[in-house]
Amino acid sequence: MNQKDSNIIYIEVEQAILGAILNEGDLIQDCTFPAEYFGKREHQWIYQAMQALQKKNEKIDIVTVVTQLQEMNQIETVGGVSYLYDLADAVPTTANFSFYVHSLTEGYKLRKAQALALSLALSPTVEKINEVYQQLGALQELSSSSIRTIQDGLFDIYEDLLSPQGDIRVDTGLIDLNRLIGGFQKNDLIIIAGRPSTGKTAFALNIAMNHLKNGGVVDLFSLEMSEDQLLKRMLSAVARVNSKRWSDKNFSKEDYEKIVQAIGIMGNWTGVLKDKPAQTVAEIRSTVRQSMKQFPNQTHLIVIDYLQLIQPVGYFERHDLAIGEITKQLKNIAKEYHVPVVLLSQLNRGVESRADKRPMMSDIRDSGSVEQDADVIISLYRDDYYNQPSIPSSTSIVELNVLKNRNGQIGRVEAAFQKEFGLFLNLMKHSDMQNDRKS
């Protein structure tokens, strides 16, 4: 279909919508879209007249719309009274109204996409590319909503019951945390918050590695660490080799053998690493979209390290408003692709001034928008971070505080953190390993 034929079809769709409303005025209640969805200026005026009548709680028919257009001095501009009669006569039934609205939305999206492409061609700058990416992402989220009945929802639940996999969730690898929150659910935005050097990145990498080990796909975005650094940290955890050895290269023969084995294990994993600093949400979305297309039949997990380094697009009067827009878009990505999005976030320094330094939600930087958009918020607390033990240990006990869980319980669980490997373990498993070493 060429551009000319496409334009004709969308004009006919616009005429069908206006004609249907003229025949059945109550249909205006189902119209939540603005006048700009209409491509033809005359149709925008007619629709605006209908909206004005709706606002005044007046009946909508040909007579009232004509009167309103006359008050707006637009009756002749739209083609006169005869054009309104032609619109009404051309629609024999209003049964297909929802289809017309869906087609109108698609036509608007195409026009906007064409305009964005033209604006990029006229001004091909990096800033313009980011702006266009963001607006195209927003366009993808536009849809004419369809009504879902109770039966639709029950059917989906019944299909989940019949599925051998059930409701697919991401296993965190930590038994106690899984029991508390049931793993990470699709569509969820999960915030991992903590002070610098408390183990946020290591915790997120452990969850990612566990998902990869289980055959899933991880899209990992690090805004402050390189791909090389990420892979070395993962190799240290898998091989149980001290991560400091990468800098001094003081590897033993046993270390080399362990690393070679770890490379063999990780070589079977499916993941995407993006280490570009100051990425935008649009760039993250683009990578996720490509990954979903490349690996369509596997369970995906998105990990982003960390929130405060994501580059906002556009002008915002305050930094918290920019953060709010970012978390809203990341939540939309989780919903659009039906995947969990794990987002790391820093805590502000306010926690340091309290006697009890366990983080609260208000300690998260720009916490208002983060609290609103997050489905799950988990904070990390290590007592040895603030109270250095008299006998230093390579293992810390980390408290994982579930501060918010939109769909389940909140509470506190503990895990063992072996700092030299960057490895999180279940306390029971850590205890067994300690006993094995003693024996």
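Residues numbered from 1 in each chain as written. Predicted model: local features only at pLDDT ≥ 70, side-chain atom pairs only at ≥ 80, totals over all residues. Heavy atoms only, no water.

Engineer: Go over the overall build of the chain, please, and point to the residues and values.
Structural biologist: The helix and strand tally for the chain stands at 17 helices and 11 strands. Residue burial in the chain is summarised as follows: out of 439 residues, 46% are buried. Restricting to contacts in the chain with at least 6 residues of sequence separation, those with at least 24 account for 68%. Working note: accessible area of the chain is about 23,100 Å², and carbon and sulfur atoms make up 51% of it. (Helix = DSSP H or I, 4+ residues; strand = E, 2+ residues; numbered from the N terminus. Buried < 20%, exposed > 50% of the residue type's maximum accessible area, 1.4 Å probe, protein only. Contact = heavy atoms within 4.5 Å. Areas by Shrake-Rupley, 256 points an atom, 1.4 Å probe, with all protein chains shown as cover.)

Engineer: Give a description of helix α3 (residues 62–71) that names residues and reports values.
Structural biologist: Regarding α3, the residues found buried are Ile-62, Thr-64, Val-65, Val-66, Gln-68 and Leu-69. Backbone geometry just after α3 places Asn-73 at a positive phi near 60°.

Engineer: An account of the sheet that holds strand β11 (residues 423–425) is needed here, citing residue identities and associated values.
Structural biologist: Within the open sheet, the nine strands sit side by side as β5-β4-β6-β7-β3-β8-β9-β10-β11. Their pairing is mixed. Where the open sheet ends on each side, the last strands, each with one partner, are β5 (270–274) and β11. Within the sheet, the average angular offset between the axes of one strand and its neighbour, ignoring direction, is 25°. Inspection of the sheet shows strand β3 (residues 189–194) paired to strand β7 (residues 341–346) by six bridges, in the parallel sense. Its bridge partner lying in β7, Ile-190 is registered against Val-342. The strands touched by helix α9 (residues 200–213) within the sheet are β3, β4 (217–222), β5, β6 (300–305), β7, β8 (376–382), β9 (395–405), β10 (411–418) and β11, with β6 carrying the most contacts at an inclination of about 165°. (Pairing = 2+ DSSP bridges. Axes fitted to C-alpha atoms, helices over the stretch in contact; angles between N-to-C directions.)

Engineer: Can you tell me about the pattern of salt bridges, naming the residues and giving the values?
Structural biologist: Counted according to the given criterion, the structure contains 14 salt bridges. Linking Arg-358 and Glu-399 is a salt bridge whose minimum nitrogen-to-oxygen distance equals 2.8 Å. Here Glu-399 lies in strand β9 and Arg-358 lies in the loop between β7 and α15 (367–373), a separation of 41 residues in the sequence. Residue classification places Arg-358 among the partly exposed residues on the basis of a relative accessible area of 25%. A relative accessible area of 9% means that Glu-399 is categorised as buried. Lys-419 serves as the salt-bridge partner of Asp-384, at 3.4 Å between the closest nitrogen and oxygen. Of this pair, Asp-384 sits in helix α16 (residues 383–386) while Lys-419 sits in the loop between β10 and β11, and the two are 35 residues apart along the sequence. (Salt bridge = Lys/Arg side-chain N within 4 Å of Asp/Glu carboxyl O.)

Engineer: Go over the confidence of the model for the chain with me, naming the residues and quoting the values.
Structural biologist: Per-residue confidence for the chain gives a mean pLDDT of 83; residues scoring 70 or more make up 86%. Counted against residues more than four places away or in other chains, residues 431–439, with its pLDDT under 50, gives three contacts. (pLDDT = per-residue confidence, 0-100.)

Engineer: Report on unusual backbone geometry, specifying residues and quantitative values.
Structural biologist: Its identity as a non-glycine residue notwithstanding, Asn-73 has a phi of 60°, on the positive side. Along the polypeptide, Asn-73 turns up in the loop between α3 and α4 (80–89). By relative accessible area, Asn-73 is classed as exposed at 65%. One non-glycine residue with positive phi stands out, namely Asn-187, at about 80°. Mapped onto the elements of the fold, Asn-187 is located in the loop between β2 (184–185) and β3.

Engineer: Give a description of the packing of helix α10 (residues 227–239) against helix α12 (residues 253–266) that names residues and reports values.
Structural biologist: The description of two packed helices rests on the angle between their axes and on the distance between the axes. One can describe the packing of α10 onto α12 by two numbers: an axis separation of 9 Å at closest approach and a directional angle of 110°. The angle between α10 and α12 falls in the class roughly perpendicular. On the side of α10, the interface is formed by Leu-231, Met-234, Leu-235, Val-238 and Ala-239, while α12 contributes Lys-258, Ile-259, Ala-262, Ile-263, Ile-265 and Met-266. By residue class, the composition of the contact of α10 with α12 is 10 nonpolar, no polar and one charged. (Parallel < 35°, antiparallel > 145°, perpendicular 65-115°, else oblique. Nonpolar A, V, L, I, M, F, W, Y, C, P; charged D, E, K, R; others polar.)

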